[in-house]
Amino acid sequence: MRNLVALHFARGLQTLIDFERSFQNVYSNQVNALATRPESAEAFRRRFGICPAGPEGRQLGAQEVLSRTKLEVNNGDVFRLAVERLFDRVVDRLQHRDVEILTPAPASGEFLVGDVPALTVRSGEARAGVMDGIPLDHADAVVLPLAPRLLASLGSGSGYRAVPQALVDWYHKLQVTAALEYVCYRPGAAVATQVAAWRPLTGVTVP
C-alpha cells in the first residue's frame, strides 16, 4: 500500500507541472549563459552557415547546443527518469508511516477522486497537495482514494476505520480543491450535489 501511494504521488500531474516549470527555468538560464560563450556562435555557424550578427543569433546558437537535451525532455525520457528517482525517495519517506484504510460510516457515503488523487494533507487545513504548499515531510498524512468506499491514509493511524460523513466531506473538498481539471464519482452518488456547489469556487469540471 505504501508503494501504491508513492507511485500515484510520484507520477501525478503535480509532479509533471513542477518538472516542466523547473526545466523551463533551468533551460532559460542555460541558454542565457551559453549565449555569451564561443560555442553558441559556432553552433549558429554550423546550423546556418553564417556567423551570428548579434545577441539573437547567439541565443539561437545556444538553443542549438541544447537541442538534444530539449528533445529528450520533450519526448518524456527525462521526466520518466525524474519520476523513477522521485518514486524511490517517496518510498523511503513513507516506509515508516502507518497505513490506515478508511470507509464512510453512512451506508450512502462514498469517496470521490480527482486528477491529483494522492494528496499530502494536514488536519484542519482547507488545502492539500504539494502545489498548495504542503510538502511531504510536513504532512500529517498522504491520502489516496482506492474505491468509492475505501481510502488509504498513510499517517499515524493504522488498521481499518469507519469515519463520519463530516470527515468524508473534508476529503471530498480536498480532492476538489487540489484537482487541476476534473473529479470523478459514480453516477447517482450523494456527493454530486455538494460537488456542484463547490465547482464555482475551483473551476474544476465534472465529467
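Our subject in this report is the structure included herewith. Everything quoted here is computed from the prediction, not taken from an experiment.

**Focus: the packing of aromatic side chains**
For the structure on display, the rule yields 4 aromatic pairs. Geometrically, the ring pair formed by Phe 23 and Tyr 27 is stacked, given 5.6 Å between the ring centres and 25° between the ring planes. Here Phe 23 and its partner Tyr 27 are both found in helix H2 (residues 13–34), 4 residues apart, which amounts to about one turn of the helix. Residue classification places Tyr 27 among the buried residues on the basis of a relative accessible area of 12%. Positioned above the aromatic ring of Phe 48 is the side chain of Arg 47, whose terminal nitrogen or guanidinium carbon lies 5.0 Å from the ring centre. Sitting above the plane of the Tyr 27 ring, Lys 70 keeps its charged end 4.5 Å from the centroid.

**Things to note about helix H4 (residues 55–65)**
Along H4, the positions that sit buried rather than exposed are Gly 57, Gly 61 and Ala 62. Down the axis of H4, the buried set is contained in an arc of 145°. They therefore lie on one face. Of the exposed residues in H4, those oriented more than 90 degrees away from the buried face are Pro 55 and Glu 56. Next to the buried residues of H4 lie H2 and helix H3 (38–48).

**Digging into the environment of Thr 15**
In this structure, Thr 15 sits in helix H2. We classify Thr 15 as buried; its relative accessible area is 13%. Remark: the alpha-carbon pair of Thr 15 and Arg 2, spanning 13 residues in sequence, is separated by 18 Å. The residues touching Thr 15, leaving out its near neighbours within four places in the chain, are Phe 9, Ala 10, Phe 79 and Leu 86.

**Considering the layout of surface pockets**
Taken as a whole, the largest pocket encloses approximately 480 Å³ of empty space. Residue lining of the largest pocket: 18 residues in total, with Thr 15, Asp 18, Leu 86, Arg 89 and Val 130 positioned closest to the centre. For the lining of the largest pocket, the element with the highest residue contribution is helix H6 (residues 77–94), accounting for 7 residues. Class assignment of the residues belonging to the lining of the largest pocket gives a composition of 10 nonpolar, 2 polar and 6 charged. There is about 220 Å³ of room inside the second largest pocket. If you go around the second largest pocket, you meet 15 residues; those closest to its centre are Ser 123, Ala 141, Ser 153, Arg 161 and Tyr 171. Breaking the lining of the second largest pocket down by element, the ones donating at least two residues are strand E5 (150–155) and helix H7 (165–178). Here the residues of the lining of the second largest pocket sort into 6 nonpolar, 5 polar and 4 charged.

Rules of the game
Residues numbered from 1 in each chain as written. Predicted model: local features only at pLDDT ≥ 70, side-chain atom pairs only at ≥ 80, totals over all residues. Heavy atoms only, no water. Phe/Tyr/Trp six-rings, centres within 6.5 Å; stacked < 30°, edge-to-face > 60°. Helix = DSSP H or I, 4+ residues; strand = E, 2+ residues; numbered from the N terminus. Buried < 20%, exposed > 50% of the residue type's maximum accessible area, 1.4 Å probe, protein only. Lys NZ or Arg CZ within 6 Å of the ring centre and 35° of its normal. Arc of directions from axis to C-beta. Contact = heavy atoms within 4.5 Å. 1 Å grid on protein atoms, 1.4 Å probe; cavity = no way out; pocket = protein on both sides within 12 Å on 5 of 7 lines; lining within 4 Å. Points joined across faces, edges and corners; volume = space filled by probe spheres on them. Nonpolar A, V, L, I, M, F, W, Y, C, P; charged D, E, K, R; others polar.

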